[in-house]
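Inside the fold
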2 protein chains.
Amino acid sequence: MESAEKGATEKPPAPTRPRTRDAEATKARILDAAKREFAKNGLGGARVDVIAEKARANKRMIYHYFESKEGLFQTILENAYVDIRTAEQKLNLDHLAPKEALERLVRFTWDYYLKNPEFITLVNSENLHRAKHLKKSEVVKVYSRKFVSMVATILDRGAAAGVFRPGVDPVQLNITIAAIGYYYLTNRFTGAIVFERDLMAKDALEERLRFNIDTILRLVAA
Amino acid sequence: MESAEKGATEKPPAPTRPRTRDAEATKARILDAAKREFAKNGLGGARVDVIAEKARANKRMIYHYFESKEGLFQTILENAYVDIRTAEQKLNLDHLAPKEALERLVRFTWDYYLKNPEFITLVNSENLHRAKHLKKSEVVKVYSRKFVSMVATILDRGAAAGVFRPGVDPVQLNITIAAIGYYYLTNRFTGAIVFERDLMAKDALEERLRFNIDTILRLVAA
DNA sequence: TCGTTAATGCACTAACTGGTTACTTGTTAT
DNA sequence: ATAACAAGTAACCAGTTAGTGCATTAACGA
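Residues numbered from 1 in each chain as written. Chains lettered and ligands numbered in written order. Predicted model: local features only at pLDDT ≥ 70, side-chain atom pairs only at ≥ 80, totals over all residues. Heavy atoms only, no water.

Once that is clear, we can look at the domain arrangement of chain A. How large an interface is tends to be reported as the accessible area lost when its parts come together. All names here are of chain A. Here the domain parsing of chain A yields domain 1 (11–66) and domain 2 (74–220). The C-alpha-based centres of domain 1 and domain 2 are spaced at 30 Å. The interface of domain 1 with domain 2 comprises eight residues on the first partner and nine residues on the second. Three residues, Lys35, Ala39 and Leu43, lead the burial of domain 1 against domain 2; their summed loss comes to 60% of the area buried on that side. Joining domain 1 to domain 2, the criterion identifies one salt bridge. A salt bridge links Lys35 to Glu118; the shortest N-O distance between them is 3.9 Å. Where domain 1 touches domain 2, the interface holds one residue pair in polar contact (both at pLDDT 80 or more). Tallying contributions element by element places helix α1 (residues 23–45) first for the side of domain 1 that touches domain 2, with seven residues. A class-by-class count of the residues in the side of domain 1 that touches domain 2 yields six nonpolar, one polar and one charged. (Domains from an automatic or database assignment. Contact = heavy atoms within 4.5 Å. Buried area = accessible area lost by both parts, 1.4 Å probe. Salt bridge = Lys/Arg side-chain N within 4 Å of Asp/Glu carboxyl O. Polar contact = N/O pair within 3.5 Å; in protein donor to acceptor, adjacent residues only side chain to side chain. Helix = DSSP H or I, 4+ residues; strand = E, 2+ residues; numbered from the N terminus. Nonpolar A, V, L, I, M, F, W, Y, C, P; charged D, E, K, R; others polar.)

The operation relating chain B to chain A is a screw motion whose rotation component is 180 degrees, with 0.0 Å of axial translation and a residual RMSD of 0.1 Å. Classification of the inter-copy transformation places it as that of a two-fold axis. Distance from the rotation axis, computed per C-alpha, reaches its smallest value in chain B at B:Ala179: 2.8 Å. By residue overlap, the copies meet face to face through one surface: 100% of the interface positions of chain B are interface positions in chain A. (Least-squares fit on C-alpha atoms with pLDDT ≥ 70 in both.)

Contacts between chain B and chain A engage 54 residues on the former and 54 residues on the latter. Across the chain B/chain A interface, buried area totals approximately 4900 Å², and carbon plus sulfur atoms make up 65% of it. The interface formed by chain B and chain A includes six salt bridges. A salt bridge links B:Glu196 to A:Arg145; its shortest N-O distance comes to 2.8 Å. Along the contact surface separating chain B from chain A lie 18 residue pairs in polar contact (both at pLDDT 80 or more). Put simply, the parts of the chain that give the side of chain B that touches chain A at least two residues each are α1 (23–45), α4 (69–89), α6 (117–128), α7 (138–161), α8 (170–186), α9 (188–194) and α10 (202–220) of chain B. Looking at the side of chain B that touches chain A residue by residue, the classes come out as 25 nonpolar, 13 polar and 16 charged.

Residues and elements named next belong to chain B. Where α4 contacts helix α5 (residues 98–115), the axes come no closer than 11 Å and their chain directions differ by 145 degrees. For α4 against α5, the interelement crossing comes out right-handed. When α4 is examined against α5, the residues Ala80, Asp83, Ile84, Ala87 and Glu88 are found in contact with a partner set consisting of Phe108, Tyr112 and Tyr113. Of the residues that constitute the contact of α4 with α5, the class distribution is six nonpolar, no polar and two charged. (Axes fitted to C-alpha atoms, helices over the stretch in contact; angles between N-to-C directions. Left-handed = near helix turned anticlockwise from the far one by under 90°.)

Okay, the packing of aromatic side chains next. Two aromatic rings, taken as a pair, are described by how far apart their centres are and by the angle between their planes. Counting across every chain of the model gives 18 aromatic pairs over all chains. Both rings, one in A:Tyr183 and one in B:Tyr182, keep their centres 4.9 Å apart while their planes meet at 75 degrees; by these two values the pair is edge-to-face. Taken as a pair, A:Tyr183 in helix α8 (residues 170–186) and B:Tyr182 in helix α8 lie in two separate chains rather than in one. Here A:Tyr183 falls in the buried class, since its relative accessible area comes to 13%. Aromatic side chains B:Tyr113 and B:Phe119 sit 6.2 Å apart centroid to centroid with 10 degrees between the ring planes, which places their arrangement in the stacked category. Judged by relative accessible area, B:Tyr113 falls into the buried class, the value being 6%. Taken together, the aromatic side chains of A:Tyr81, A:Phe108, A:Tyr112, A:Tyr113, A:Phe119, A:Tyr182 and B:Tyr183 make up a single cluster linked through ring pairs. We note B:Arg85 situated over the ring of B:Phe147; from NZ or CZ to the ring centre the distance is 4.1 Å. (Phe/Tyr/Trp six-rings, centres within 6.5 Å; stacked < 30°, edge-to-face > 60°. Buried < 20%, exposed > 50% of the residue type's maximum accessible area, 1.4 Å probe, protein only. Lys NZ or Arg CZ within 6 Å of the ring centre and 35° of its normal.)

So, about helix α3 (residues 59–66) of chain B. Two or three places before B:Arg60, at the opening of α3(B), B:Asn58 has a side-chain oxygen 2.8 Å from that residue's backbone nitrogen. Taken from the residues just after α3(B), B:Glu67 is the one with a positive phi, measuring 75 degrees.

Turning to the environment of A:Arg56, a few remarks are in order. All names here are of chain A. Following the sequence through the fold, Arg56 ends up in the loop between α2 (48–54) and α3 (59–66). Taking relative accessible area as the criterion, Arg56 reaches 65% and is therefore assigned exposed. Residues Arg56 and Leu96 lie 40 residues apart in sequence; the distance between their C-alpha atoms is 45 Å.

Each pocket or cavity is described by its volume, and for the largest pocket that value is around 1300 Å³. Taken together, 50 residues line the largest pocket, and the ones lying closest to its centre are A:Asn124, A:Ser125, B:Asn124, B:Ser125 and B:Leu128. Split into classes, the residues belonging to the lining of the largest pocket amount to 20 nonpolar, 20 polar and 10 charged. (1 Å grid on protein atoms, 1.4 Å probe; cavity = no way out; pocket = protein on both sides within 12 Å on 5 of 7 lines; lining within 4 Å. Points joined across faces, edges and corners; volume = space filled by probe spheres on them.)

Put into structure tokens, the structure is as follows:
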């Protein structure tokens, strides 16, 4: 994640280092390739050789940096959670009116899932494995607490202003906001067959987002 | 499974045949074992040898009856869909008042997911594979249409009676009913970490069901 | 300039995996 | 009884798979 060169000893003439060896860059390429491969095939279905090839790195490097296939998966999963929680914090919902804040959160969640489809697949894969990798992560817990309290604050402000009914559990609300977007997208393939619709058409996506915002606002309405 | 003696040499006196060789029983054991193995490890993670062992059948039998690992998966997936759709049809919602019918459907969906956790995992696995197995099934489509029209009827009846607002899309509603139960259960492992709660405790499950019923009724309320 | 350390590459393996070949044995209609 | 067929078995195979041992090479501080 660091970008600057470490040995700023006034020697490196080229600002963009044309290194033949670059640990950070290699690591980053591996992480990127692995994220896509794990998302596409799940932890069990992903192939280490394929990841190495996609990353234009030697397979040996994967074991050098990440110890094992599962170690690599764990890093990627942790990064994925930190990424979404960081993006959520940047929303600055405290400056908005409660209703607008909530609508913005629903919209953000939807857009994030749409733009980062690997997130959903990684989470699915992790749940198939009973969250044994995420369990080891302490960072994720810290970020999660901030996230829950963010929603709790919106609910409190809304209740105080009389626009939301009181007593809504922020955790249940969080789960519901995630659910109505997540389910639609993760099950879009079987859904297309069951409902005989193209669920990913532009207008279908817009309609679903509108429906979801409506669902959440009705749920908390005073 | 079989227990009786084999040497019933005369005319088969028992109508329930105590066969030492029983194609149907073997097939059924394979299906049952495979359902559990696929649900536990996904299509890619499931091992054919393990399925054979669990089913107390020879691996060759799997290929004899189901052609391939994917053929077996397809059969199981199709059965799973037919099972849930059949159970839904038996609910007889047309005899109930619209609100009660909807509540009963939400409750049924929740209970079904709880009692048949393999269903969720199988669907997840199938979506990872872009529904390529389900696509081949015609039965599923027929059953699905009946399911959608069932919900549409409830909505129409409710709107006519003035208890539901008009214009609610039955497909969006169906997706939402499934989503708020499905997401909670499939992501219960990562959810337990993120929200630092035991999501599967008895009272947590009851609370979630109440919340879900409330969500759906508020969504369609006039 | 040189020695140390980190990055990289190649070739290898031991265990698996889905699928098959070749065979034996039970069941049933005649 | 027995031929014909269905049910069942064990051993095996060819291709993969995650993971390693070891040699090589670049970077960099002294």
